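An overview of the molecular structure
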Amino acid sequence: KIYELVIDRKKENLPLVTAQTVIVIETQFRTPNPASQSIIHFDYGQFSTFAWRTHDFGAIYDLYLRFNYRERTAGSGDVYEPKSVQWKVVSEVEATKIEVQGIQFYSFLSGAINRDPSVERIFTSVDLILDCGGTEIQEYIRLGDANLGITSSQDIPTYSNLSEGRGLFSSSYKSEYNGLSLSNPTLDSILLGTVTAGLNFQ
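Note that the structure is a prediction, hence the values are computed from the model and not measured.

Cut-offs and rules
Residues numbered from 1 in each chain as written. Predicted model: local features only at pLDDT ≥ 70, side-chain atom pairs only at ≥ 80, totals over all residues. Heavy atoms only, no water. Salt bridge = Lys/Arg side-chain N within 4 Å of Asp/Glu carboxyl O. Helix = DSSP H or I, 4+ residues; strand = E, 2+ residues; numbered from the N terminus. Buried < 20%, exposed > 50% of the residue type's maximum accessible area, 1.4 Å probe, protein only. Pairing = 2+ DSSP bridges. Axes fitted to C-alpha atoms, helices over the stretch in contact; angles between N-to-C directions.

Another point: the pattern of salt bridges. In total, this model carries 10 salt bridges according to the counting rule given. For Arg66, the salt bridge is made with Glu176, and the minimal N-O distance between the two is 3.1 Å. Here Arg66 is found in strand β6 (residues 60–73), whereas its partner Glu176 is found in strand β10 (residues 172–182), with 110 residues between them in sequence. When the shortest N-O distance is used, the salt bridge between Asp131 and Lys174 registers 3.0 Å. Taken together, the residues span a long stretch of sequence, with Asp131 in strand β9 (residues 119–133) and Lys174 in strand β10 at a distance of 43 residues. Relative accessible area serves as the criterion here: at 47%, Lys174 is assigned to the partly exposed category.

This is how it looks when you write it as structure tokens:
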């Protein structure tokens, strides 16, 4: 659906400020496939695929992976406390399919979770979060990128889709695919691999 923004400045001789955008709708994952309850696999030297279905008005994407686990003091018998860390897998991409090398996942865990020999941890699940932005957001980011770097003009981006003044009127949609599992080889790598062995997962 098309939405229009109208700003009435309530002053004589000042026209209405207007802008239009088409609402971004839900984006669906293809890989992993929610219908088949896919398991995510990360191999150190291999690439894992993430893909989603695009729509006419979705233009730019951020993909996140949330790693959920439980933690307690080692040997205490206490109730496990739920925790999570979130990894920005890719940012501001216009593609609908990406390849991620497995070592990036393990390196993220190693940097996001503290090594603490006094605790024990258990993996619970992972969630995928996909943020989709409209074409106006895409154009704003493109203009900003064009003004970065050694040979750029260094001007502040002035993109606006308002009829007067400056502003960005657009839409976005957040899609979540929750409760995914990791493959047994991936879990073994978290427990025993050189990058994450010190995190004390059981």
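Following the structure, the description resumes.
Turning to the environment of Phe105, a few remarks are in order. For Phe105, the position within the fold is in helix α1 (residues 102–112). On the basis of relative accessible area, Phe105 is assigned to the buried category, the value being 0%. Sequence separation between Phe105 and Leu168 is 63 residues, and the spatial gap between their C-alpha atoms is 34 Å.

Before going further, it helps to spend a moment on the sheet that holds strand β3 (residues 29–31). Taken in spatial order, the three strands of this open sheet run β3-β5-β8, and their pairing is antiparallel. For this open sheet the edge positions go to β3 and β8 (97–101), each flanked by a neighbour on one side alone. Averaged over all adjacent pairs, the angle separating strand axes in this sheet is 25°, with direction ignored. Bridging between β3 and strand β5 (residues 47–52) involves two bridges; their strand directions are antiparallel. Bridge pairing in β5 links Thr31 to Ala51.

Here the residue pair Thr31 and Pro32 is connected by a cis peptide bond, since its omega of -5° sits within 30 degrees of zero. Structurally, Pro32 can be placed in the loop between β3 and β4 (39–40). Its identity is not glycine, yet Lys10 carries a phi of approximately 55°, on the positive side. Mapped onto the elements, Lys10 comes out in the loop between β1 (2–7) and β2 (17–22).

No statement about biological role is implied by the geometric values presented.
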